[in-house]
Structures are given as C-alpha cells and as structure tokens.
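# Coordinate analysis (summary)
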Amino acid sequence: MGQIEGLLSWDAVKELLTGNEPAPHERPSLLVGNGASIAVSDRFGYSTLRNEATLTDLAAQLFETVGTSDFELVLHRLGTGLMINRVCGLDTQVINEAYEQIKAALIAAVREVHLPRNNYHPNGDLGDEFKSYCAIYSTNYDLLLYWAMLNAECHVDNAVVDLFKGRRFDRDQEYNNDSTRLMYLHGALHLFIDSQSVCRKRRNLDLSILDQLNEDGIARVHFVSEGTWQAKWAKILSSDYLRYCHEQLRRDSGNIVVFGHSLNPETDQHILNALLRHPNRFFAVSLYIEGLNNQDIHDTMNQYRVKLRGVDAERILFFDSSTHPLGVPGQDNPFACIAE
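Residues numbered from 1 in each chain as written. Predicted model: local features only at pLDDT ≥ 70, side-chain atom pairs only at ≥ 80, totals over all residues. Heavy atoms only, no water.

### Description of the overall build of the protein chain
- For the protein chain, the helix and strand inventory stands at 14 helices and 13 strands.
- Within the protein chain, the fraction of its 340 residues that count as buried is 51%.
- In the protein chain, the proportion of contacts linking residues at least 24 apart, taken out of those at least 6 apart, comes to 75%.
- Of the roughly 16,200 Å² that the protein chain leaves accessible, carbon and sulfur atoms contribute 46%.
- On the protein chain, the mean spot of the 31 positive side-chain charges and the mean spot of the 45 negative ones are 7 Å from each other. (Helix = DSSP H or I, 4+ residues; strand = E, 2+ residues; numbered from the N terminus. Buried < 20%, exposed > 50% of the residue type's maximum accessible area, 1.4 Å probe, protein only. Contact = heavy atoms within 4.5 Å. Areas by Shrake-Rupley, 256 points an atom, 1.4 Å probe, with all protein chains shown as cover. Lys, Arg positive; Asp, Glu negative; His and termini not counted. Charge placed at Lys NZ, Arg CZ, Asp CG, Glu CD.)

### Examining the pattern of salt bridges
- Scanning the model with the defined rule gives 11 salt bridges in all.
- The residue Arg-111 makes a salt bridge to Asp-211 at a minimum N-O spacing of 3.8 Å. Residue Arg-111 is located in helix 6 (residues 93–113), and its partner Asp-211 is located in helix 9 (residues 209–212); the two are separated by 100 residues in the primary sequence.
- You can call Asp-211 partly exposed: its relative accessible area is 45%.
- When the shortest N-O distance is used, the salt bridge between Asp-162 and Lys-201 registers 2.6 Å. Taken together, the residues Asp-162 in the loop between strand 4 (160–161) and strand 5 (164–165) and Lys-201 in strand 9 (residues 199–201) connect sequence positions 39 residues apart.
- You can call Asp-162 buried: its relative accessible area is 14%.
- Given the relative accessible area of 7%, Lys-201 is considered buried.
- Salt bridges sharing partners connect three or more residues here, namely Arg-171, Asp-240, Arg-243 and Glu-247. (Salt bridge = Lys/Arg side-chain N within 4 Å of Asp/Glu carboxyl O.)

### Here we look at the sheet that holds strand 13 (residues 316–320)
- On the basis of which strands lie adjacent, the open sheet formed by 8 strands has the order 1-13-12-11-2-3-7-4 and parallel pairing. Of all strands in the sheet, those bounded by a partner on one side alone are strand 1 (7–8) and strand 4.
- Here strand 11 (residues 256–259) pairs with strand 12 (residues 283–287) via 3 bridges, running parallel. Looking across to strand 12, one finds that Ile-256 is bridged to Phe-283.
- Lying on the sheet, helix 8 (residues 144–151) is in contact with strand 2 (29–32), strand 3 (135–138), strand 4 and strand 7 (180–184); it crosses strand 7 at an angle near 155 degrees. (Pairing = 2+ DSSP bridges. Axes fitted to C-alpha atoms, helices over the stretch in contact; angles between N-to-C directions.)

### A word on unusual backbone geometry
- In this structure, Asn-158 is a non-glycine residue whose phi angle is positive, near 55 degrees.
- Note that Asn-158 resides in the loop between helix 8 and strand 4.
- Positive phi values are uncommon outside glycine, yet Leu-263 reaches one of about 50 degrees.
- Tracing the backbone shows Leu-263 in the loop between strand 11 and helix 13 (265–275).

### Points about the confidence of the model for the protein chain
- For the protein chain, the average pLDDT comes to 87, and 92% of its residues sit at 70 or higher.
- Every residue in residues 21–25 is under pLDDT 50, and counting partners more than four places away or in other chains gives 3 contacts.
- In the model, residues 334–340 has pLDDT below 50 throughout and makes 7 contacts with residues more than four positions away in sequence or in other chains. (pLDDT = per-residue confidence, 0-100.)

### A word on the pairing of strand 13
- Of all the 5 residues making up strand 13, 5 are buried; the element is thus mostly covered by neighbouring parts of the structure.
- Burial of strand 13 is two-sided: the residues Ile-316, Phe-318 and Asp-320 facing one way and the residues Leu-317 and Phe-319 facing the other way are all buried.
- When strand 1 meets strand 13, the two strands line up parallel, connected through 2 bridges. Among the inter-strand pairings, Leu-8 is bridged to a residue of strand 13, identified as Phe-319.
- Here strand 12 pairs with strand 13 via 5 bridges, running parallel. Paired with Leu-287 across the strands is Asp-320, a residue of strand 13.
- Of the crossover connections in this fold, the one passing from strand 12 over helix 14 (residues 294–307) to the parallel strand 13 is right-handed. (Right-handed = clockwise from strand over helix to strand, strands pointing away.)

Encoded structure:
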C-alpha cells in the first residue's frame, strides 16, 4: 500500500506536537485503549476473551442473540433492558444477575488470557516514549503498561508516578513537573479496594500479581465495565481514585495522543466529554491499517472526525499505529510456547 493521504508516521506527528526537545509543559498526554494490548497479542481481543470466559447458559445465549463477542455491547444492551424494566416497574432480577455475571466473567477472562511477565518483551523505546508525555491515561485492565514501565525502570527518580504512596492511593502525592502521571481510568487487574474503601495496588511478592488473582482476588479487582457510559460514570464517581483520574483528564488541556481507543460514544461518552472540553488543541489518533484499503482508512478517519465534533479538522492528525513504539509487533512470545 502506498502513501495514504492524511495518514502520517508517528515521528512526523510527534514533531508536529512537540518538536524535538519539548519542555515539560509542552509535552502531550496519551490516552491508551485496548488496541495497544491487541498490538502485543490478539489474545486481548474480544473474540478470544469471549472464548475463554466462563458464562452461564443464559449469558452465552445473550452473546449469540446479539451476534457479537463484544462484552461492552452485550452489557450495553442489558443495561438498556434494566433501565426499561425499572421505568416500567418490571422485575429486573434475571437481567441484573446476567449483567453482573458477564462483568465478572470479563475480568476473569482478561486474567486467563494474560501472558506471564517473562513472556512480554516491551519495545526498548517505550521507556523514553513514556517519559515524553505529561500524563498517560489508560482504559485497559491488563498489566502491560505497568510491566513495561517497570521493565524500563520508569519508576526510578519518579520519572513516572502512579499516584500510589507505597500500595495506597494518595491524591496528595507530590511530584515535580517532569514526572509523567500514569492513571487507570477504568481500573486494572493490579488495583483493588480495601476494607476502608481505599484503592490499593498489588505488587509481586511471593506470588506474581496474576497468581494473586484467584477467585477471591478476581472478585476484589477495582474495575469499571458497565455497559453504558452513564453507568460507568456513576461507578467512577463512587471511587476516590477513579474520580481523581477523570478530574485530571477533564482538566488536561494539552495536545493529546489517542492510541488504540475507539472512542465509542455508546460506552465511552464520558471519555469524549472530558476530551472535548478542550477542543483547541491537537488530537493525534492512531489507526491500525493492516488489511484495510484506502476507502476503509478514510472512512475510519471520518468516523473519528464525527466523534471529535467541535474540533477543527486540521487539529485532528492520524498516524499509522505500527510506527509508534506501542504498536511495534513482536513484543510477546507465541502463546503456544507458554507453559500452562
């Protein structure tokens, strides 16, 4: 495929956003979605998660009826059903039970398909790449970003801070302007709520983080997977940690890079609402173009332009995801080689 009009390389976009040597206040921020995890392994795709998920017969039938492997789409339909039943004064028990079971099955499936840390070989450029952002916001539940930063020793000298003091979330943590702030907008596998309703993070101790996630550990994972954005937002507001992370996203007015995130209004309008508070900045959006023809790519660009309504077209930049350090292939070993 030749040069595609309007599609740049990451280096070209980065030059437009920051120049070669950005001062700290000029650094952009980064929003990471599931596409970044799929770039490491397609095991993080919904079809694989669906196959690995342990579902009740009713839940499995719901996926078949909707005709999808997308957990969020099924949860969205169930959430709409719950709302309608409540308004009509109808019983919601069966729908609610299916809703909660699918949510739990999703996070358990993420843990099930997750590659062990020694099978993840993050791109060597990621350490410097992470430090080039003012803030990194992730909607992924997996541990790949966390591990990549540890592997690159980004935590040394507070180059990257995750807002936890030891294992406990501390919204008053002090950091300097050079620090990159890492925030999980929808929670993650290594985060949990303690008995005092405080968000804490797991660490590798005698057991790896993944091994700590037995049945009880899975039940305590702090994550948001509600089907509608309104339900997600309500869950976020109930958590001091998640609410704080979204406050930072809403206040962030600098240029922003969107990598591997669909910005689906049905399930992530709260993310769009935060982004669109500051339309007079550059939005650099990654596109995964393998297998797409020119028309497909331009259609995808137009879909993002519609989602980013109110942003001038010249402020929306598109780049090939494979040219960004997060999208470089070959960061995992073949799963066939992973010992069970």
